[in-house]
Amino acid sequence: MKQETPPASITPSAHGFSPGFAALGLEARLLATLDQLGYEEPTPIQREAIPPLLAGKDVLGQAATGTGKTAAFALPLLQRLAHGVKAQPAALILVPTRELAMQVGTALERYAKELRTRVLTLYGGQAMGPQFQALKRGVDVVVATPGRALDHIRRQSLKLEQVQVIVLDEADEMLDMGFAEDLDAILEQTPATKQTALFSATMPPRIKSIAHRHLKHPVEITIAKEPVKAGTAPRVQQTAYVVTRPYRHAALSRILDMAGPKSALVFCRTRVEVDEVTAMLNGRGHRAEAIHGGMSQPQRDRVMQAFRTGQTELLVATDVAARGLDIPSVSHVINFDLPSSAEVYVHRIGRTGRAGREGTAITILDPREERLLRSIEHVTKAKVTVAPVPSVADLLAKRLDRTREAVQEAMQAEDIDGFRGVVEAIAASSDPITIAAAAMKLIFRAQGGEREEQDIPAVPIRRPDPYRTMPRTGGRPGDRDRGTPPRRGNRTPQGKPGRGGRTAGMARVYIGSGWSSGITPNDLVGAIANEARINSKVLGDIEVLDRFSLVEVPEAMASKIIDVLGRTRIKGQKVVARLFRE
Ligand code: AMP
């Protein structure tokens, strides 16, 4: 058997931190934070973007959500700002939506933990009062949506004269949402000496034009790679299940229950996540063990031995830890997180389907990461089937199937004569089918068949156009202020009929205004996404009719959306919102 040695990249460097991050020039306090977060190595966009950003250069980066782009701009920004606190904000990060603002704000606070940088997140829908006070007290970094940033600039509560770094995140979405003029107005207020970074998933001419006007000799970074040569990517059946964040753990457990893998590798991005996922799986009746760079060699050897002999069926690993291991081919590779690049994806799924055996790769996909999945498909030239998470009913049917199989096997193979007497004795007073049903129930229970299951809301799946930026019916979002004639929505997630039929896990919200009041599908998307702090991608079919509109939303979010819409104005009008029942 081959001796296992940890790969060089997870051998801690002299100060004990990831040598990968240290080599990029990040300072010890940030390295300590990354270590606590369980990041083992930089992602490709981080490797490319961090050194020029630390050097003060402008950067134009093409990267989708899920590639680690937030840390790519946040870490150098924090390091550069850490020297010298100012009364006014020294950095401004502009993002398209309220949801992303919160996400980026939280990420910055997490990365800034050891530096004590003051981060403030500003978006529409929040009361202005506390924002004024926070700005008055003084902040170092502001994360904001363009509308709200401009609002504060005009009221002189946000001053940009001291800004050293400005980041435009998801710039293509900001343009799609009609923020082009706002961006220009904001950038005009910043000093000419500032450093600018622009990140965008796509690079259409409009983005190039903004970059041309506002960036100085930018370092251009693209991490999309050439497609691999035909035949070099592993031939593995690939499926992705789209799940929103709160349901990821439940979805992973459900998918493993359904697949019943003999041996599976479950990949996570960080050490912390590996530990959490392992604990969760064991808590739900699976046999899982963790393996990551934070473990000692004897620990790793013991885990590998248990996996090879089949004592453990699930090995939960980071990419770095798995890279150094001589792991036998597994029946399933599960991506609990989509990896940050296509290369890592190919490497992961190559662990299954070796030597002509059948392999299955399953990805749990955040709705925001669909674009990254598409780019992986493009690079690997392989099709990934996107499917809804199996329902509770599907799982129960599967479990019942397993009970039936177990009984049928026992009927064939095992010596059951010793039990005949008992059955005959009960059969003297009861019907044999009832006896068999009761016995089946006990086996079903013993196999964990009665374990409680949580409903996992279905997320609408959109295909096949990979590069539309806000997949919505009824015109592009940017059209909304340009008097485009309204059109009817007709998007049909999962191929189901838009009208009449309903997607599993989705509810329909009735809104008492339609064309006749000038409402367009984009108004509804904007209102829901911005006011209810909901990612617009989770919304389903939208229909705007003459006097009312219907929007399909995840069931779990329906009451929140209705509540928020009831308090919001759309196109300046108050609207009635309630649950729609056929
Ligand atoms: P982003 O593309 O910025 O939305 O990041 C996607 C996810 O990757 C976030 O959950 C980050 O916490 C995580 N992440 C970013 N960089 C790394 C890294 N170097 N190692 C592990 N996880 C990371």
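Scroll up for the structure.
Before going into details, it helps to say that this report is about the structure given with it. Going along each chain's sequence as written, the residues are numbered from 1 onward. Two thresholds apply to this predicted model, a pLDDT of at least 70 for residue-level local features and 80 or more for giving and counting side-chain atom pairs, whereas whole-chain, interface and lining totals are computed over all residues. Side-chain metrics rest on all non-hydrogen atoms present in the structure, leaving aside hydrogens and water.

Description of the overall build of the protein chain
By the criteria applied, helices consist of DSSP H or I runs no shorter than four residues and strands consist of E runs no shorter than two, each listed in order from the N terminus. Of regular secondary structure, the protein chain possesses 21 helices and 20 strands. Exposure classes here rest on a 1.4 Å probe applied to the protein chains alone. A residue is buried below 20% of its type maximum, exposed above 50%, and partly exposed in between. Per-residue burial over the protein chain gives 54% buried out of 582 residues. In what follows, residue pairs with any heavy atoms lying within 4.5 Å of each other are defined as contacts. Restricting the contact set of the protein chain to residue pairs at least 6 apart, pairs at least 24 apart contribute 76%.

Here's the deal with the site of the ligand
Around the ligand, a shell composed of 14 residues is seen, among which Tyr39, Gly66, Gly68, Thr70 and Arg269 lie nearest. Here an oxygen atom of the ligand sits 2.5 Å away from a polar atom, N or O, in the side chain of Tyr39. Here a polar contact means two N or O atoms within 3.5 Å. Within protein one must be a hydrogen donor candidate and the other an acceptor candidate, and residues neighboring in sequence count only if both atoms are side-chain atoms. In this structure, a nitrogen atom belonging to the ligand sits 2.8 Å away from a main-chain N or O atom of Glu41. Under the convention used here, a 1.4 Å probe and the Shrake-Rupley method define accessible areas, while residue burial counts only the protein chains that appear. Contact with the protein chains hides 83% of the accessible area of the ligand, taken as 500 Å² for the molecule alone. Tallied by class, the residues present in the shell around the ligand amount to three nonpolar, eight polar and three charged. We call a residue near a molecule or strand whenever a single non-hydrogen atom of that residue lies within 4 Å of it. In this classification, Asp, Glu, Lys and Arg are treated as charged, Ala, Val, Leu, Ile, Met, Phe, Trp, Tyr, Cys and Pro as nonpolar, and every other residue, Gly included, as polar.

Quick look at helix 5 (residues 98-111)
The span expected for a helix works out to 1.5 Å for each residue beyond the first. The end-to-end C-alpha separation of helix 5 is 20 Å, in line with the 20 Å expected for 14 residues at 1.5 Å each. Three or more residues of helix 5 are buried, namely Arg98, Glu99, Leu100, Ala101, Val104, Gly105, Ala107, Leu108 and Tyr111. Close packing links the buried residues of helix 5 with helix 2 (28-37), helix 4 (69-81), strand 2 (91-94), strand 3 (119-122), strand 4 (141-144) and helix 20 (521-531).

Examining the sheet that holds strand 12 (residues 332-335)
A pair of strands is labelled paired if DSSP reports no fewer than 2 bridges between them. On the basis of which strands lie adjacent, the open sheet formed by seven strands has the order 10-11-9-12-13-8-14 and parallel pairing. Each end of this open sheet is capped by a strand with a single partner; those strands are strand 10 (288-291) and strand 14 (385-387). Averaged over all neighbouring strand pairs, the angle between strand axes comes to 20 degrees, with direction disregarded. Taken together, the five bridges between strand 9 (residues 264-268) and strand 11 (residues 314-318) define a ladder with parallel strand orientation. The residue of strand 11 that forms the bridge with Val266 is Val316. Most of the contacts of helix 13 (residues 297-308) go to strand 10, to which it runs at about 140 degrees, and overall it touches strand 9, strand 10 and strand 11. Where helices are involved, their axes are fitted lines through C-alpha atoms of the stretch in contact, as for all axes, and angles between N-to-C directions lie from 0 to 180°.

Let's talk about helix 2
Of the positions making up helix 2, those classed as buried are Leu30, Leu31, Ala32, Thr33, Leu34 and Leu37. Tucked into the core, helix 2 has its buried residues touching helix 1 (19-22), helix 4, helix 5 and helix 12 (271-283).

Topic: the pairing of strand 1 (residues 59-62)
The side chains of a regular strand alternate between the sheet's two faces. Pairing of strand 1 with strand 7 (residues 219-222), which is carried by four bridges, proceeds in the parallel orientation. Opposite Leu60, over in strand 7, you have Glu220 as the bridge partner. Bridge count for strand 1 against strand 6 (residues 195-200) is four bridges, and the pairing is parallel. Across the sheet, the residue bridging to Gln62 is Ser200, located in strand 6.

What to know about the pattern of salt bridges
In what follows, salt bridge is the name for a side-chain nitrogen of Lys or Arg lying within 4 Å of a carboxyl oxygen of Asp or Glu. Under the defined criterion, the tally for this structure stands at 30 salt bridges. A salt bridge links Lys69 to Glu170, with the shortest nitrogen-to-oxygen separation between them at 3.3 Å. Placement of the pair is Lys69 in helix 4 and Glu170 in the loop between strand 5 (165-168) and helix 8 (171-176), with a sequence separation of 101 residues. With respect to burial, Lys69 and Glu170 carry one shared label: buried. Here Arg118 makes a salt bridge to Asp140, at a shortest N to O gap of 3.0 Å. In this pair, Arg118 is assigned in the loop between helix 5 and strand 3 and Asp140 in the loop between helix 6 (128-137) and strand 4, connecting sequence segments 22 residues apart. You can call Asp140 buried: its relative accessible area is 9%. Within this structure, Lys69, Glu99, Asp169, Glu170 and Arg368 form a network of salt bridges that share partners.

Re the nonpolar core
Nonpolar cores are built from buried Ala, Val, Leu, Ile, Met, Phe, Trp, Tyr and Cys residues. Side-chain atoms within 4.5 Å join them into one set. Leu26, Leu75, Leu77, Ile93, Leu108 and Tyr111 are the most contacted members of the largest nonpolar core, which totals 47 residues. Put simply, the parts of the chain that give this core at least two residues each are helix 2, helix 3 (44-54), helix 4, strand 2, helix 5, strand 4, strand 5 and strand 6. The leading source of residues in this core is helix 4, at eight residues. Among the nonpolar cores identified, the runner-up in size contains 31 residues, and Leu175, Met177, Leu183 and Leu198 belong to it.

Here we look at the packing of helix 17 (residues 392-413) against helix 19 (residues 432-446)
Running from N to C, helix 17 and helix 19 point in directions that differ by 115 degrees, and their axes come no closer than 10 Å. Here helix 17 is positioned roughly perpendicular relative to helix 19, judged by the angle of their axes. Two packed elements cross with a definite hand, and for helix 17 against helix 19 that hand is right-handed. For the pair helix 17 and helix 19, contact is made by Leu396, Arg399, Leu400, Thr403, Arg404 and Val407 and by Met440, Ile443 and Phe444, respectively. The residue inventory of the contact of helix 17 with helix 19, partitioned by class, reads six nonpolar, one polar and two charged. For classification purposes, an angle smaller than 35 degrees is called roughly parallel, one larger than 145 roughly antiparallel, one from 65 to 115 roughly perpendicular, and anything else oblique. Handedness of each helix crossing follows the sense of rotation of the near helix against the far helix: counterclockwise by less than a right angle gives left-handed, clockwise gives right-handed.

Remarks on the sheet that holds strand 15 (residues 506-511)
Reading across the sheet, the four strands line up as 16-17-15-20 and stay open at both edges, with antiparallel pairing between neighbours. The open sheet has two edge strands with one neighbour each: strand 16 (542-544) and strand 20 (577-579). Taking the axes of each pair of neighbouring strands and ignoring which way they run, one obtains an average angle of 25 degrees across the sheet. With six bridges connecting them, strand 15 and strand 17 (residues 549-554) associate as antiparallel partners. Paired with Tyr510 across the two strands is Leu550, which belongs to strand 17. Along the sheet face, helix 20 touches strand 15, strand 16 and strand 17 and points at about 125 degrees away from the line of strand 16. Strands strand 15, strand 17 and strand 20 of the sheet are contacted by helix 21 (residues 558-566), whose axis makes an angle of about 160 degrees with strand 20.

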